[in-house]
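Breakdown of the fold
So the chains spell out like this:
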There are 2 protein chains.
Amino acid sequence: PPGRKVLIVYAHQEPNSLNGSLKRVAVEELSKQGCSVTVSDLYAMQFEPRATRNDIVGCLQNSEEFNYGVETREAYKRGCLSNDLIEEQKKVQEADLLIFQFPLYWFSMPAIMKGWMDRVLVQGFAHEFPNCYDSGLLKNKLALFSFTTGGSKEMYAKGGISGDIRYVLWPMQHGIMHFCGVKVLAPHICFAPEYVSEEKRKEMLIAWAKRLKTLWKEEPINCSPEWYFK
Amino acid sequence: PPGRKVLIVYAHQEPNSLNGSLKRVAVEELSKQGCSVTVSDLYAMQFEPRATRNDIVGCLQNSEEFNYGVETREAYKRGCLSNDLIEEQKKVQEADLLIFQFPLYWFSMPAIMKGWMDRVLVQGFAHEFPNCYDSGLLKNKLALFSFTTGGSKEMYAKGGISGDIRYVLWPMQHGIMHFCGVKVLAPHICFAPEYVSEEKRKEMLIAWAKRLKTLWKEEPINCSPEWYFK
């Protein structure tokens, strides 16, 4: 609906890939609905995935023994995180919905996107004990993992050689998003697009656009072990 | 035993951390046994986690539409991968045992280590359909994930708020190592070292050294959904 803000965190090297097209479809469809859409195109930004001392501007609390979690939490409080992190945090803060668009690499997201999670979701900003899981600091936001796979739907079925795709979703949906209080919409998965026809790939884009039309009416999934491991 | 080769892939920014100490303990104990130990200290190496066109030296097969998987597979065949990848692949090829030492970040490994997986385990080198899982190209090797957590053992118990730690291991042990044919030893987990006494942390180092003394007699775990999700 008009006025809703969406951040698409996108990790593919090639604009002409299916991931690139899925991202464009989302920008177009959501903009058409009157949403304001921002894209963090991680490869184009040459986003830094490594969690290092460079993420803190100025002095450390303890330069004898560098503790990334402690130092970034303190730097967040003092407003001393590096600019690229402050920029991403602003985008997250403003967003009602986060869409993560990527090709599945090794049962997870590509390192460049994992680095976005590692570096942007700083303690104090995204969570602060005991404000985690249902009371995480990013509550009232939604997230959706949209990705392509190399393996087929059959490989990722329960009993399939790669196991139920739900198992793969657990660290991302529960361990990251739910931990920060974000409610999670059902994932959007395009299985093995490299092994289907151009026609089928077009259908995948149409299906995504169609889902987006009624996305705001969807209920979040139940982010519990029962959902994942039933 | 004398002559065995071990590669420790290590991801912590601070040598004086518990992860740093765990790494040193492993180097010392395994060297004492007569093993030859190599360490890839990813932060010290400023290891590149991003999977980009720079990983291929020279021309691409298809520069119109960059496909990382296809291009790195071809570059591997032609010997045209970037030098840092060739170096890491040599270390993997020579190793009998891979130890991954890291702090758990967001239910997974830090992005810098995920980048090592994304970039080093190239198709043709580590797997080549149908040579995956039990017939993966790195069979006859062992791997062990050794890591520290922020959350307590209780949080990572079955029924705990973060779910069974086994669920977290699935993508790493099954999705990556088992996929490449590597047999997996039981993980080594130090829970919440930041919240225990110096004395307890010393006990964690002693326990790791003790385990390493009889490591070569251990049987690999059963890398199946039944093991993880029982």
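The rules behind the values
- Residues numbered from 1 in each chain as written.
- Chains lettered and ligands numbered in written order.
- Predicted model: local features only at pLDDT ≥ 70, side-chain atom pairs only at ≥ 80, totals over all residues.
- Heavy atoms only, no water.
- UniProt positions renumbered as here; feature names shortened; annotations may be inferred.
- Helix = DSSP H or I, 4+ residues; strand = E, 2+ residues; numbered from the N terminus.
- Rg over C-alpha atoms; globule rule 2.2 N^0.38 Å.
- Buried < 20%, exposed > 50% of the residue type's maximum accessible area, 1.4 Å probe, protein only.
- Contact = heavy atoms within 4.5 Å.
- Areas by Shrake-Rupley, 256 points an atom, 1.4 Å probe, with all protein chains shown as cover.
- Lys, Arg positive; Asp, Glu negative; His and termini not counted.
- Charge placed at Lys NZ, Arg CZ, Asp CG, Glu CD.
- Pairing = 2+ DSSP bridges.
- Right-handed = clockwise from strand over helix to strand, strands pointing away.
- Expected span 1.5 Å × (residues − 1).
- Polar contact = N/O pair within 3.5 Å; in protein donor to acceptor, adjacent residues only side chain to side chain.
- Phe/Tyr/Trp six-rings, centres within 6.5 Å; stacked < 30°, edge-to-face > 60°.
- Lys NZ or Arg CZ within 6 Å of the ring centre and 35° of its normal.
- Buried area = accessible area lost by both parts, 1.4 Å probe.
- Salt bridge = Lys/Arg side-chain N within 4 Å of Asp/Glu carboxyl O.

For chain A, the name recorded in an unreviewed UniProt entry is Ribosyldihydronicotinamide dehydrogenase [quinone], with Uria aalge as its organism. Taken directly from UniProt, the Function (unreviewed entry) text for chain A runs: "The enzyme apparently serves as a quinone reductase in connection with conjugation reactions of hydroquinones involved in detoxification pathways as well as in biosynthetic processes such as the vitamin K-dependent gamma-carboxylation of glutamate residues in prothrombin synthesis." Recorded in UniProt under Subcellular location (unreviewed entry), the annotation for chain A is "Cytoplasm".

**Some thoughts on the overall build of chain A**
A tally of regular secondary structure across chain A gives 7 helices and 6 strands. Here the C-alpha atoms of chain A give a radius of gyration of 18 Å, agreeing with the 17 Å that 2.2 N^0.38 yields for 230 residues. When the backbone C-alpha atoms are referred to their principal axes, chain A occupies close to 55 × 40 × 30 Å. Buried positions account for 58% of the 230 residues belonging to chain A. Considering only residue pairs separated by 6 or more positions, chain A has 76% of its internal contacts joining residues 24 or more positions apart. Total accessible area on chain A is roughly 9700 Å²; 52% of this is exposed by carbon and sulfur atoms. One way to put it: in chain A the 28 positive side-chain charges average out to a point 5 Å from where the 27 negative ones average out.

**Observations concerning the pairing of strand β4 (residues 142-148) of chain B**
All names here are of chain B. Judged by how many residues are buried, β4 sits mostly within the fold: 7 of 7 residues are covered. Side chains Leu-142, Leu-144, Ser-146 and Thr-148 of β4 all project onto a buried face; the interleaved residues Ala-143, Phe-145 and Phe-147 project onto the opposite face, where all are buried too. Bridge count for strand β3 (residues 97-103) against β4 is 7 bridges, and the pairing is parallel. Considered in β4, the bridge of Leu-98 is made with Ala-143. The parallel pair β3 and β4 is bridged by helix α4 (residues 111-120), and the resulting crossover is right-handed. Pairing geometry for β4 and strand β5 (residues 183-184), over 2 bridges, is parallel. By the bridge assignment for β5, Leu-142 is matched with Lys-183.

**Things to note about the environment of A:Glu94**
Residue and element names in this part refer to chain A. For Glu-94, the position within the fold is in helix α3 (residues 83-94). Residues Glu-94 and Ser-63 lie 31 residues apart in sequence; the distance between their C-alpha atoms is 33 Å. If we skip the residues at most four places from it in the chain, Glu-94 touches Lys-5 and Lys-141.

**Things to note about unusual backbone geometry**
In most cases, non-glycine residues show a negative phi, while peptide bonds are predominantly trans. That bond from A:Phe129 to A:Pro130 is cis: its omega, 5°, falls within 30 degrees of zero. Within the secondary structure, A:Pro130 is located in the loop between α4 (111-120) and β4 (142-148). Even without a glycine there, the phi angle at A:Gln46 is positive, about 50°. For A:Gln46, the position within the fold is in the loop between β2 (36-41) and α2 (68-78). For B:Asn140, which is not glycine, the phi dihedral falls at a positive 75°. With respect to the helices and strands, B:Asn140 occurs in the loop between α4 and β4.

**Thoughts on helix α5 (residues 165-177) of chain B**
Residue and element names in this part refer to chain B. A rise of 1.5 Å per residue sets the reference length of α5, with its 13 residues, at 18 Å; its end C-alpha atoms lie 17 Å apart and thus fit the reference within 8%. For α5, the tally of buried residues reaches 13 of 13 residues, placing the bulk of the element in the interior. Residue Asp-164 occupies the N-cap position of α5, its side-chain oxygen lying 3.0 Å from the main-chain nitrogen of Arg-166.

**Here's the deal with the packing of aromatic side chains**
Under the criterion given, the structure shown has 37 aromatic pairs over all chains. A centroid spacing of 5.6 Å and a plane angle of 70° characterise the contact between B:Phe100 and B:Trp116, whose relative ring orientation is edge-to-face. Taken together, the positions of B:Phe100 in strand β3 and B:Trp116 in helix α4 put the pair 16 residues apart, joining distant regions of the chain. Residue classification places B:Phe100 among the buried positions, given a relative accessible area of 0%. Judged by relative accessible area, B:Trp116 falls into the buried class, the value being 0%. With 6.3 Å between their ring centres and 40° between their planes, B:Tyr156 and B:Phe191 make a pair best called tilted. Here the residue B:Tyr156 occupies a position in the loop between β4 and α5, and B:Phe191 occupies one in the loop between β6 (188-190) and α6 (198-213), the gap between them amounting to 35 residues. Exposure class is identical for B:Tyr156 and B:Phe191. Each is buried. Taking NZ or CZ as reference, A:Lys23 lies 4.9 Å from the ring centre of A:Tyr10, over its face.

**Concerning the interface of chain B and chain A**
Chain B puts 48 residues into the contact, and the matching count from chain A is 48 residues. Buried area between chain B and chain A, both sides added, is near 3900 Å², and the carbon and sulfur share of it is 64%. Among the residues of chain B in contact with chain A, B:Arg50, B:Trp106 and B:Phe107 are the three that bury the most area, contributing 21% of the side total. At the boundary of chain B and chain A, one finds 0 salt bridges. On inspection of chain B and its partner chain A, the count reaches 22 residue pairs in polar contact (both at pLDDT 80 or more). Taken together, the elements giving at least two residues each to the side of chain B that touches chain A come down to α2 (68-78), α4 and α5 of chain B. Ranked by the residues each element gives to the side of chain B that touches chain A, the list is headed by α5(B), at 7 residues.

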